[in-house]
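Now for the letters of each chain:
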Protein chains: 2
Amino acid sequence: MSGRTYDKMTPEERHRDRRQRLLDAGFHLFARDGYHAVGVREVCAHATTSQRSFYAHFTSIEDLLAHVYQRCAGDAVDVLREAARLDTGDPTRRLAGVVGAYILHVTMDPRRAHIMHREVHRTPHLAGAARRMAGDLADVLHLAADTTAGRLVAVAVAGAIDELVVTWMRTPGDQHGISRITAAAVTVAQQSLSDRSTRA
Amino acid sequence: MSGRTYDKMTPEERHRDRRQRLLDAGFHLFARDGYHAVGVREVCAHATTSQRSFYAHFTSIEDLLAHVYQRCAGDAVDVLREAARLDTGDPTRRLAGVVGAYILHVTMDPRRAHIMHREVHRTPHLAGAARRMAGDLADVLHLAADTTAGRLVAVAVAGAIDELVVTWMRTPGDQHGISRITAAAVTVAQQSLSDRSTRA
């Protein structure tokens, strides 16, 4: 057994705890090994639950990936909205804050970047969720920039930011990687979305 | 039989013809049904070849997808380089030409967009090829813009353009979709990469 003090938990707490451990195991294993290399048996061993418990919470490995992704995306959107709420009085600076907060959040735990930018593409089942995440990012950027630019420009900027995160994921040895991609992302966001040009 | 005049072909021509038909079948079926729904049997039926012929050219369905993708990516890079060669004397206009030519090429046959922007993600095996394509697009944009902006900004702009193509793929009913995404892509590219601001 896992050594957890199950005797102090109510059945509902135990249920939630198992679900949490299964999500944590999926998060770790999908990010490390990739969706196609992960099976129910391995997830259960990592989460120290039975396969019966797995199927009480998820219908399949694909379903687990969907929930792992949703948790990552939900956290990212929370961070975005939090950053967008900071009223700096200056849309250009607020935009930089939102872009910086998003990149810092997604890259802080590289597993998050791997789930959100690599594993999400492995199954057609997650296409809708990925599009919603991209749309949420675009909406927050568009709102934060307080811009006359069209929403499609914000969609493009969201894609630019995600491409930089993917680039960063491919160069794990780069010490200054995060600050370099953040600088490039802020440049593209401000140049494309700020009504006042930020160029000297 | 397919009614092709095989008797007029040399063995080498027949070999090339079969390979071409298998690539065409893969291109069509992957784009229409998705990688995971396509099998060797179906590809062969569509290409009117035997399974033995299939394995004379490709090791697996994944290998076929890789070659279908490579053909798409190679064509796209040719179009990009051609557009970049047009010397308008004005980097800002050349950049718009390159962006427009790329989007037109990728969207003209929606199957191409589906292979390049959706199916490419279905297997880890193609990650390297997708990164090379993104890198080639970034390089051509960077060169065409003749800019002091760093290469990472061009990488971001390449991601912005691809995000717009993905957005266009999800709204097949939009009559003006291509011109709208092209306008947004040109805006982001010019604002981010042109040394002279193009804003009024």
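- If you look chain A up in an unreviewed UniProt entry, it shows as TetR/AcrR family transcriptional regulator from Sphaerisporangium album.

**Examining the domain arrangement of chain A**
All names here are of chain A.
Argument step 1. The assigned domain composition of chain A is domain 1 (6-58) and domain 2 (63-193).
Argument step 2. Here the C-alpha centroids of domain 1 and domain 2 sit 28 Å apart.
Argument step 3. Contacts between domain 1 and domain 2 engage 17 residues on the former and 16 residues on the latter.
Argument step 4. Approximately 1400 Å² of surface area, both sides summed, lies buried where domain 1 meets domain 2, with 70% of it carried by carbon and sulfur atoms.
Argument step 5. The largest share of the area that domain 1 buries against domain 2 comes from Phe27, Phe30 and Tyr35, three residues that together contribute 44% of it.
Argument step 6. Applying the counting rule to domain 1 against domain 2 returns 1 salt bridge.
Argument step 7. Taking the shortest distance from any N to any O, the salt bridge between Arg71 and Asp24 comes out at 3.1 Å.
Argument step 8. Counting across the domain 1 and domain 2 interface gives 4 residue pairs in polar contact (both at pLDDT 80 or more).
Argument step 9. Among the elements of the structure, α1 (11-33) and α3 (51-57) are those that each provide at least two residues to the side of domain 1 that touches domain 2.
Argument step 10. In terms of residue class, the side of domain 1 that touches domain 2 is built from 9 nonpolar, 6 polar and 2 charged.

Rules used throughout
Residues numbered from 1 in each chain as written. Chains lettered and ligands numbered in written order. Predicted model: local features only at pLDDT ≥ 70, side-chain atom pairs only at ≥ 80, totals over all residues. Heavy atoms only, no water. Domains from an automatic or database assignment. Contact = heavy atoms within 4.5 Å. Buried area = accessible area lost by both parts, 1.4 Å probe. Salt bridge = Lys/Arg side-chain N within 4 Å of Asp/Glu carboxyl O. Polar contact = N/O pair within 3.5 Å; in protein donor to acceptor, adjacent residues only side chain to side chain. Helix = DSSP H or I, 4+ residues; strand = E, 2+ residues; numbered from the N terminus. Nonpolar A, V, L, I, M, F, W, Y, C, P; charged D, E, K, R; others polar.

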